[in-house]
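Observations on chain architecture
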Amino acid sequence: MTRIADPAAFILANTRLQPVPHTPEISLWLAEEITPIWRLTEEELGELGLPPPFWAFAWAGGQGLARWLLDNPYEVAGRRVLDFAAGSGVVGVAAMKAGAASVLCADIDPFCAAAVALNGEANRVVLAFTDANLLDLPPPDVEVICAGDVFYEKPMAERVLTWLTAAADRGVRVLVGDPLRTYFPKSGLDLLAEYAVPTTRELEDSAVKRTRVWSLGPSASARRRLPDRPSGTILKS
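Described in the following lines is the structure provided in the data block. Everything numeric in this text was worked out from a predicted model, so none of it was measured.

Moving on: the overall build of the protein. Each helix and strand in the protein was counted, giving seven helices and ten strands. A total of 237 residues make up the protein; the buried ones form 52% of that total. Long-range contacts, defined as pairs at least 24 residues apart, comprise 68% of the intrachain contacts of the protein with a sequence gap of at least 6. Total accessible area on the protein is roughly 11,200 Å²; 55% of this is exposed by carbon and sulfur atoms.

Structure (structure tokens):
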């Protein structure tokens, strides 16, 4: 098995800088039909030493959450933000463009560090990055946690929900973007917005995904000791 010595060079050679469909204010290095990485099979990726390149695509939940932040900058303006399971870093870029004081992007995929750095540079924002598995640690000292497209596998969805709820119990504002994937939680969230996000049949089951943005509230025990927050406004576009 070969190993890619320079992830940044690999990304630049195998993706194209292009506007994100639902957030055209943001451009990312992404795979598409004309880029070499698009048609690689799982076996070919393994031979390259490349984990599945989730960072090379703008997933529907992340696009919806990024749109929400750009349209509602008060959610993150002047605040410390965590972009959890950041992938390409689209949500982190949106948070910085919306005026966040700082953004920490977190992802265990080693290629995400290079992808986030390149995408931050392309959008003239500074993003910090960690490859630590934050699910093994207490929620970091931030004021807002953003999580897009994190409920696609049952074991991970359960761990993520427990971890995010622990953060919400501490008073952290938790924002979630998801097109209602199979393991999306059935309760405990307040709907903020719904979008029709353009995607591709190569990634999703339809060319447009109805994607929702939610806030995750604290658990019942913590809710009694936290101040009330104003409810969001449901938007459609």
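Next up on the list: the side chain of Arg173. Residue placement: Arg173 occurs in strand 7 (residues 173-178). Polar side-chain contacts of Arg173 include one of 3.0 Å to the side chain of Glu75.

Between helix 3 (residues 60-71) and helix 4 (residues 90-97), the least distance of the axes is 8 Å, while the angle of their chain directions is 5°. It follows from the interaxial angle that helix 3 and helix 4 lie roughly parallel. In contact with Gly62, Leu65, Ala66, Leu69 and Leu70 of helix 3, helix 4 contributes Val90, Val91, Ala94, Ala95 and Lys97. Across the contact of helix 3 with helix 4, the residue classes tally to eight nonpolar, one polar and one charged.

The final tally for this structure, using the stated rule, is eight aromatic pairs. Plain terms: the ring middles of Phe10 and Phe111 are 6.1 Å apart, the flat faces sit at 70° to each other, and that makes the pair edge-to-face. Separated by 101 residues along the polypeptide, Phe10 in helix 1 (residues 7-14) and Phe111 in helix 5 (residues 110-122) bring together distant segments of the chain. Given the relative accessible area of 12%, Phe10 is considered buried. Site record: aromatic cluster; members linked through ring pairs are Phe54, Phe57, Trp59 and Tyr152.

Before going further, it helps to spend a moment on the nonpolar core. Counting residues in hydrophobic clusters, the biggest one holds 35 residues, and the most contacted among them are Trp68 and Leu69. Leaving out residues up to four positions away in the same chain, Leu69 has contacts with Glu75, Val76, Val91, Ala94, Ala95, Ala98, Cys146 and Leu175. Counting 23 residues, the second largest nonpolar core, distinct from the first, contains Val142, Ala167, Ala168 and Val174.

Our focus in this paragraph is the pairing of strand 3 (residues 80-84). For strand 3, the buried fraction is high: four of the five residues fall into the buried class. Relative to strand 4 (residues 102-106), strand 3 runs parallel, the two being bridged by five bridges. Its bridge partner being in strand 4, Asp83 is matched across the sheet by Cys105.

On to the pattern of salt bridges. Tallied over the full model, the rule gives eleven salt bridges. The salt bridge involving Arg80 is made with Glu143; its shortest N-O contact spans 3.4 Å. Of this pair, Arg80 sits in strand 3 while Glu143 is found in the loop between strand 5 (128-130) and strand 6 (144-148), placing the two residues 63 residues apart along the sequence. Look at Glu143 and you get partly exposed, because its relative accessible area is 32%. Between Arg159 and Asp136 there is a salt bridge, with its nearest N and O atoms 2.8 Å apart. You can see Arg159 sitting in helix 6 (residues 154-169) and its partner Asp136 sitting in the loop between strand 5 and strand 6, a full 23 residues away along the chain. The class for Arg159 is partly exposed, based on a relative accessible area of 39%.

So, on to the layout of surface pockets. Of the pockets and cavities examined, the largest pocket occupies roughly 710 Å³. Lining the largest pocket are 33 residues, and of these Phe54, Ala85, Asp107, Tyr152 and Met156 lie nearest its centre. For the lining of the largest pocket, the secondary-structure elements that each account for two or more residues are helix 3, strand 3, helix 4 and helix 6. Here the residues of the lining of the largest pocket sort into 21 nonpolar, six polar and six charged.

About the criteria used
Residues numbered from 1 in each chain as written. Predicted model: local features only at pLDDT ≥ 70, side-chain atom pairs only at ≥ 80, totals over all residues. Heavy atoms only, no water. Helix = DSSP H or I, 4+ residues; strand = E, 2+ residues; numbered from the N terminus. Buried < 20%, exposed > 50% of the residue type's maximum accessible area, 1.4 Å probe, protein only. Contact = heavy atoms within 4.5 Å. Areas by Shrake-Rupley, 256 points an atom, 1.4 Å probe, with all protein chains shown as cover. Polar contact = N/O pair within 3.5 Å; in protein donor to acceptor, adjacent residues only side chain to side chain. Axes fitted to C-alpha atoms, helices over the stretch in contact; angles between N-to-C directions. Parallel < 35°, antiparallel > 145°, perpendicular 65-115°, else oblique. Nonpolar A, V, L, I, M, F, W, Y, C, P; charged D, E, K, R; others polar. Phe/Tyr/Trp six-rings, centres within 6.5 Å; stacked < 30°, edge-to-face > 60°. Core = buried A, V, L, I, M, F, W, Y, C linked by side-chain atoms within 4.5 Å. Pairing = 2+ DSSP bridges. Salt bridge = Lys/Arg side-chain N within 4 Å of Asp/Glu carboxyl O. 1 Å grid on protein atoms, 1.4 Å probe; cavity = no way out; pocket = protein on both sides within 12 Å on 5 of 7 lines; lining within 4 Å. Points joined across faces, edges and corners; volume = space filled by probe spheres on them.

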